[in-house]
Amino acid sequence: MSIQENVGIEMRYKAYASGAIVPTVDELPGTSGGQMLRRLTSSGGLRRGSFVSAERRTDRQVADMRLQGRRGELEIATELSPKTYQDFFEALLRGTWAASITRSNTEFTSCAADNAASTFTVAASTWVLQGFRVGDTIRFSNMSATANNAQNFVITALSGVTATVFPAPTTQSADTSFSVVRVGRKLIAPTSAPTARKFAFERYHDTNDFSELFTEARIVRAALQANTEGAVTANFTAMARDVKLYETSAAPYFTSPAAAENQPLLSGPTGLVMLGGTRKAVVTGASINIDIGGDAPNVVGSTLVADIFTGTLAITGSVTLLKEDAVDYASFANELDSSLLLRMEGNSSVNAP
């Protein structure tokens, strides 16, 4: 069953304390807490298959028709913004966000900048040993060249004490009093001990005063799209063990959800695209699909599925670009491995989110 969505719907979600699903338990989240969720649309609802009796009768009528097990399906379409969907990406990659890191002249004795080479060069240690990687966004403070402070620099290459960055910094001699932070948190797919997570999603119809509560749901898929016009978009797919209905005084289910994140939308036209380690200004579109499967088989003796099983992490996508030279064409034609770096920004400032 699906219900047409309108602007009078509030979307909320809450993470369960444990991602484990117990087949014999129909677990509900507590009514307190939760989080309001930004979105464009949401679709889906309770899904129940049916079966028809195959009995042969002299009156040529169907003997019986029954419904099969219960499960929920939910599609959430949105425009991407920082922080808002961090829980969903964590669930998809089955990892845990790592906190930002800060280093200074304590770890790096000094730091010099070269505009022509587009580099920052440190001393006493290396960028990698201090936890920095290609793709990181870094910001400096207390640098002698003030233009290098409070500005986003993306690390595009690392070699020992030298970090190549974009955009090019202002040239400065070795500074012995500074700090540098890797902005934001980082998420990777772990090579061992993946973490299973589950959520409850509520769609509250304020006009009609009732809620659909998707319980014990797993995020199983995301499709991201960046193009030349408008915001970066994302479509998340969740599978739930059940969908429960709450009406009048019982709705909404979550009594005190936190306000939705209010970060600016990520824009396709602003940011940075690098393909094979080279900056590209001819890309007309890019998509990334993250999929961990998702299977909810019916069982005997219960209308609820025993679990929502996930599988192999598959990341696919595509890049469309104008023909600039033969390099990218040859890479595609010869099936060569390459790297893709997409950096999307929330505004045009030098320290955009």
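Coordinates for the structure precede this section.
Note that the structure is predicted; figures quoted are calculated from it, not measured.

Definitions and cut-offs
- Residues numbered from 1 in each chain as written.
- Predicted model: local features only at pLDDT ≥ 70, side-chain atom pairs only at ≥ 80, totals over all residues.
- Heavy atoms only, no water.
- Helix = DSSP H or I, 4+ residues; strand = E, 2+ residues; numbered from the N terminus.
- Buried < 20%, exposed > 50% of the residue type's maximum accessible area, 1.4 Å probe, protein only.
- Contact = heavy atoms within 4.5 Å.
- Areas by Shrake-Rupley, 256 points an atom, 1.4 Å probe, with all protein chains shown as cover.
- Patch = residues over 30% accessible without salt bridge, like charges linked within 9 Å, V, L, I, M, F, W, Y side chains within 5 Å.
- Salt bridge = Lys/Arg side-chain N within 4 Å of Asp/Glu carboxyl O.
- Core = buried A, V, L, I, M, F, W, Y, C linked by side-chain atoms within 4.5 Å.
- Pairing = 2+ DSSP bridges.
- Polar contact = N/O pair within 3.5 Å; in protein donor to acceptor, adjacent residues only side chain to side chain.
- Axes fitted to C-alpha atoms, helices over the stretch in contact; angles between N-to-C directions.
- Phe/Tyr/Trp six-rings, centres within 6.5 Å; stacked < 30°, edge-to-face > 60°.
- Lys NZ or Arg CZ within 6 Å of the ring centre and 35° of its normal.
- 1 Å grid on protein atoms, 1.4 Å probe; cavity = no way out; pocket = protein on both sides within 12 Å on 5 of 7 lines; lining within 4 Å.
- Points joined across faces, edges and corners; volume = space filled by probe spheres on them.

A.B. asks: Summarise the overall build of the protein; cite the residues concerned and give the values.
C.D. replies: Within the protein, the regular secondary structure consists of two helices and 21 strands. Counting across all 353 residues of the protein, residues that qualify as buried make up 39%. The long-range share in the protein, meaning contacts at least 24 apart out of those at least 6 apart in sequence, stands at 74%. Counting only carbon and sulfur atoms, one obtains 53% of the accessible surface of the protein, whose full area is about 18100 Å².

A.B. asks: An account of a nonpolar patch on the surface is needed here, citing residue identities and associated values.
C.D. replies: On the surface, Val52, Val62 and Met65 cluster together into a nonpolar patch covering about 300 Å² of accessible area. Among the secondary structure elements, Met65 is positioned in strand S4 (residues 65–79).

A.B. asks: Can you lay out the environment of Asn334 for me, pointing to particular residues and giving the numbers?
C.D. replies: Of note, Asn334 is situated in the loop between helix H2 (326–333) and strand S21 (340–345). C-alpha separation for the pair Asn334 and Ala306, spaced 28 residues apart in sequence, amounts to 45 Å.

A.B. asks: So what's going on with the nonpolar core? Residues and values would help.
C.D. replies: Formed by 38 residues in total, the largest nonpolar core has its most connected members in Ile76, Phe88, Phe89, Phe201, Ile219 and Phe236. Apart from the residues within four sequence positions on either side, Phe201 is in contact with Met11, Arg12, Tyr13, Leu74, Ile76, Phe88, Glu212, Leu213, Phe214, Ala217, Ile219 and Ala238. Core analysis: the second largest hydrophobic core is formed by 17 residues, Phe120, Val122, Trp127 and Val180 among them.

A.B. asks: Give a detailed account of the pairing of strand S1 (residues 9–15), specifying residues and quantitative values.
C.D. replies: Among the seven residues of S1, five are classified as buried, and the element is accordingly described as predominantly covered. Judged from the seven bridges that link them, S1 and strand S13 (residues 199–205) form a sheet pairing that is antiparallel. Bridge assignment links Lys14 to a residue of S13, and that residue is Ala200.

A.B. asks: Lay out the sheet that holds strand S17 (residues 267–275) with the relevant residues and their values.
C.D. replies: A sheet is described by the order of its strands in space; here three strands give the open sequence S18-S17-S21, paired in antiparallel fashion. Taken across any chain shown, the strands that pair with only one partner, and hence form the sheet edges, are strand S18 (278–279) and S21.

A.B. asks: Just give me the short version of the environment of Arg39, but keep the residues and values in it.
C.D. replies: Secondary-structure assignment places Arg39 in the loop between strand S2 (35–36) and strand S3 (41–52). Take Arg39: its relative accessible area is 21%, and that puts it in the partly exposed class. Separated by 275 residues in the primary sequence, Arg39 and Ala314 place their C-alpha atoms 25 Å from one another. Among the polar contacts made by the side chain of Arg39, one reaches the main-chain carbonyl oxygen of Ile9 at a distance of 3.0 Å.

A.B. asks: Now, about the sheet that holds strand S10 (residues 162–166): what can you tell me, with residues and values included?
C.D. replies: Ordered by their spatial adjacency, eight strands build an open sheet running S5-S12-S8-S9-S10-S7-S6-S11, and the pairing between neighbours is antiparallel. Each edge of the open sheet carries a strand with a single partner, namely strand S5 (102–104) and strand S11 (172–175). Across the sheet, the mean angle from the axis of one strand to that of its neighbour is 30 degrees, orientation sign disregarded. Sheet topology places strand S8 (residues 137–141) next to strand S9 (residues 153–159); two bridges connect them, and they run antiparallel. The residue of S9 that forms the bridge with Thr137 is Val154.

A.B. asks: Before we move on, could you go through the packing of aromatic side chains and cite the residues and values that matter?
C.D. replies: Any pair of aromatic rings gets described here by the distance separating the centres and the angle formed by the planes. Following the criterion strictly, the structure yields 19 aromatic pairs and no others. Each ring, one from Tyr246 and one from Tyr253, has its centre 5.0 Å from the other, and the planes form 50 degrees; the classification is tilted. A single burial state applies to Tyr246 and to Tyr253, both of which are buried. Among the aromatic side chains, those forming a connected cluster through ring pairs are Tyr13, Tyr85, Phe88, Phe89, Phe199, Phe201 and Phe236. Positioned over the ring face of Tyr16 is Lys198, at 4.7 Å from the centre of the ring.

A.B. asks: How would you summarise the layout of surface pockets if you had to cite specific residues and measurements?
C.D. replies: Approximately 330 Å³ is the volume found for the second largest pocket. Surrounding the second largest pocket, 20 residues form its lining, Gly268, Pro269, Val273, Lys280 and Val283 being those nearest its centre. When contributions to the lining of the second largest pocket are tallied by element, the ones reaching two or more residues are strand S14 (210–227), S17, strand S19 (283–291) and S21. Counting residues per element, the lining of the second largest pocket draws most heavily on S17, at six residues.

A.B. asks: For the pattern of salt bridges, give the residues involved together with the corresponding values.
C.D. replies: Summed over all chains, the structure comprises 18 salt bridges. Across the salt bridge formed by Glu216 and Lys198, the nearest N and O atoms sit 2.8 Å from each other. One end of the pair, Glu216, is in strand S14; the other, Lys198, is in the loop between strand S12 (179–182) and S13, and 18 residues separate them in sequence. There is no split in this pair, since Glu216 and Lys198 are both buried. Of the charged contacts, one joins Glu345 and Arg343 as a salt bridge, the two residues approaching to 3.0 Å between their closest N and O atoms. Each member of the pair, Glu345 as well as Arg343, carries the same accessibility label: buried. Overlapping salt bridges bring together Asp26, Arg70, Asp242 and Lys244 as one network.

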